[in-house]
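Residue strings, one per chain:
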Amino acid sequence: DQGIRDERALFHLLNLAREHGWALLITSAKPAGELDVKLPDLRSRLRALPVIGIGPPDGELLRAVLVKLFSDRQLMVEPHVIAHLALHMEQSLAGASRIVAEIDRRALEAHRRVTRTLATEVLAADEARTRLAQVEAVSAAGAMAQLLAAIRDGRIRDDAERERAKDLEAKA
């Protein structure tokens, strides 16, 4: 989350939009009123904004998106394969895009039709990649915690190592 780069500019933009009756769309992973804001007047304006959350896609939307993504790639996929994918994949639009791209790549590479078997293979590989990324993230967090503890306990005295640790902490 990058945060708000120029709070004063956003404050003035909100005032200008209100003054002229303009619509302003602000997107954020968090509701605008929960953002870390230093300017009290901006914080107040953000808390007063209407908030609409966008949740994960439901099954019907996910199936429609899968059909569209396959159609964009000129791939004909039977409804039972679409239903299987929608039921077993990560429930997100990004996940749908990733799965369709990988199925297309593998089908093209092997000169195969898109079948439930191929879809299941791709789902298994995607799940394995996701789990590996989670394990790597946990391992990195553990290594960073150990490094920070070593600095705190005085076991690391090298300024370069201390700077690397601070960089790691800032990125976390």
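Peer 1: Please explain the side chain of D126 as it appears in this structure.
Peer 2: With respect to the helices and strands, the residue D126 is situated in helix 6 (residues 116-152). We classify D126 as buried; its relative accessible area is 8%. In terms of polar contacts, D126 uses its side chain to reach the side chain of R98, at 2.7 Å. With near-sequence residues (within four places) excluded, D126 lies in contact with R98 and I99.

Peer 1: Is there a simple way to explain the environment of Q74 in this structure?
Peer 2: In this structure, Q74 sits in the loop between helix 3 (59-72) and helix 4 (79-88). Remark: the alpha-carbon pair of Q74 and D104, spanning 30 residues in sequence, is separated by 9.6 Å.

Peer 1: When you look at the packing of helix 3 against helix 4 in this model, what are you seeing that I'm missing?
Peer 2: Each pair of packed helices can be described by the angle between their axes along with the distance between the axes. Relative to each other, helix 3 and helix 4 sit at 125°, their axes nearing to 9 Å. Accordingly, the angle class assigned to the pair helix 3 and helix 4 is oblique. For the pair helix 3 and helix 4, the sense of crossing is right-handed. On helix 4, the residues that touch L62, R63, L66, V67 and F70 of helix 3 are I82, A83, L85 and A86.

Criteria and thresholds
Residues numbered from 1 in each chain as written. Predicted model: local features only at pLDDT ≥ 70, side-chain atom pairs only at ≥ 80, totals over all residues. Heavy atoms only, no water. Helix = DSSP H or I, 4+ residues; strand = E, 2+ residues; numbered from the N terminus. Buried < 20%, exposed > 50% of the residue type's maximum accessible area, 1.4 Å probe, protein only. Polar contact = N/O pair within 3.5 Å; in protein donor to acceptor, adjacent residues only side chain to side chain. Contact = heavy atoms within 4.5 Å. Axes fitted to C-alpha atoms, helices over the stretch in contact; angles between N-to-C directions. Parallel < 35°, antiparallel > 145°, perpendicular 65-115°, else oblique. Left-handed = near helix turned anticlockwise from the far one by under 90°.

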